[in-house]
Amino acid sequence: MFDVAAPLMQALSRAQTDLSGAAAQTARAQTPFGSTRPDAAMAQTAQHALFAQALLGAVHARLSELKTAAHG
């Protein structure tokens, strides 16, 4: 079996960083330090959250494969 754990973990780490940055940008929206239009920041946060959710789904699928192989 091809081991994809390392790339998935790197992607999850990057997704966490991106999601944290997008959340901070959303929190700063409509303040003197942020944008006056929060809709773009909120859309970016949602996009990063969906990507992180997809990665978690991939990790879950990989763990399920490993479980099947270990018990099979």
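Note: the structure precedes this text.
Below is a short write-up of the structure. (Residues numbered from 1 in each chain as written. Predicted model: local features only at pLDDT ≥ 70, side-chain atom pairs only at ≥ 80, totals over all residues. Heavy atoms only, no water.)

1. Overview of the overall build of the chain
- Secondary structure summary: the chain contains two helices and zero strands in total.
- Taken over C-alpha atoms, the radius of gyration comes to 17 Å for the chain, far larger than the 11 Å a tight globule of 72 residues would show.
- The long-range fraction of contacts in the chain, counting pairs at least 24 apart against all pairs at least 6 apart in sequence, stands at 62%.
- Working note: accessible area of the chain is about 5,400 Å², and carbon and sulfur atoms make up 63% of it.
- One way to put it: in the chain the 5 positive side-chain charges average out to a point 4 Å from where the 4 negative ones average out. (Helix = DSSP H or I, 4+ residues; strand = E, 2+ residues; numbered from the N terminus. Rg over C-alpha atoms; globule rule 2.2 N^0.38 Å. Contact = heavy atoms within 4.5 Å. Areas by Shrake-Rupley, 256 points an atom, 1.4 Å probe, with all protein chains shown as cover. Lys, Arg positive; Asp, Glu negative; His and termini not counted. Charge placed at Lys NZ, Arg CZ, Asp CG, Glu CD.)

2. Structural notes on the side chain of His 48
- Looking at the secondary structure, you find His 48 in helix H2 (residues 38-71).
- Given a relative accessible area of 19%, His 48 falls into the buried group.
- Not counting the four nearest positions on each side in its chain, His 48 is found in contact with Asp 18, Leu 19 and Ala 22. (Buried < 20%, exposed > 50% of the residue type's maximum accessible area, 1.4 Å probe, protein only.)

3. Side note on unusual backbone geometry
- Although it is not a glycine, Gln 30 adopts a positive phi angle of roughly 60 degrees.
- You can see Gln 30 is positioned in the loop between helix H1 (5-28) and H2.
- For Gln 30, a relative accessible area of 58% gives the class exposed.

4. A word on the nonpolar core
- One finds Leu 8, Leu 12, Ala 15, Ala 52, Leu 55 and Val 59 forming the largest nonpolar core, which totals six residues.
- Among the secondary structure elements, those contributing two or more residues to this core are H1 and H2.
- In contact with Val 59, not counting residues within four places along its chain, are Leu 8 and Leu 12. (Core = buried A, V, L, I, M, F, W, Y, C linked by side-chain atoms within 4.5 Å.)

5. Section: the pattern of salt bridges
- If you walk through the whole model with that rule in mind, you get two salt bridges.
- With a closest N to O distance of 3.6 Å, Asp 18 and Arg 14 form a salt bridge. Of this pair, Asp 18 and Arg 14 both sit in helix H1, four residues apart, which is roughly one turn of the helix.
- For Asp 18, a relative accessible area of 26% corresponds to the partly exposed category.
- For Arg 62, the salt bridge is made with Glu 65, and the minimal N-O distance between the two is 3.3 Å. Residue Arg 62 and its partner Glu 65 are located together in helix H2, separated by three residues, close to a single helical turn.
- Judged by its relative accessible area of 11%, Arg 62 is buried. (Salt bridge = Lys/Arg side-chain N within 4 Å of Asp/Glu carboxyl O.)

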